[in-house]
Amino acid sequence: QVQLVESGGGLVQPGGSLTLSCAASGFTVSRYRMSWYRQCPGKERELVALINTGGSIDYADSMKGRFTISRDNAKNTVYLQMNSLNPEDTAVYFCNAKAFLARFLDYWGQGTQVTVSS
């Protein structure tokens, strides 16, 4: 019923760009805090960026100026534009949705692999 499907990952050259998409079904993304997380090889999963229900946005410090999170309410889809990629950005990127009101809900996508390499 509730589903998050990431797409857009792949292999990219250092310095290149990539845009990830997170298509949601079974719920409305504008009613949830939508986030991108990533898990680098051998590392803990970390928050990349989030957009709150009201539209405010936060980024991890290392992403500021390089990554942009956005939300298309009409398409019920969240995006992550990634610029100036470097090999340390190589990771599985996950889309996440959280709700806090009537009941805490926490949904995750399956992840999409991003590899930055020459």
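See the structure printed just above.
Residues numbered from 1 in each chain as written. Predicted model: local features only at pLDDT ≥ 70, side-chain atom pairs only at ≥ 80, totals over all residues. Heavy atoms only, no water.

As for the pairing of strand S4 (residues 33-39)
Part 1: A large share of S4 lies buried, amounting to 5 of its 7 residues.
Part 2: Bridge count for S4 against strand S9 (residues 91-99) is 7 bridges, and the pairing is antiparallel. In the sheet register, Trp 36 faces S9, and the bridge partner there is Cys 95.
Part 3: Two strands pair when backbone bridges link them, and S4 and strand S5 (residues 46-51) are joined in this way by 5 bridges, in the antiparallel orientation. Paired with Arg 38 across the bridge in S5 is Glu 46.
Part 4: Taking the residues between adjacent antiparallel strands as the criterion, S4 and S5 are bridged by 6 residues, where Gly 42 takes a positive phi near 75°. (Buried < 20%, exposed > 50% of the residue type's maximum accessible area, 1.4 Å probe, protein only. Helix = DSSP H or I, 4+ residues; strand = E, 2+ residues; numbered from the N terminus. Pairing = 2+ DSSP bridges.)

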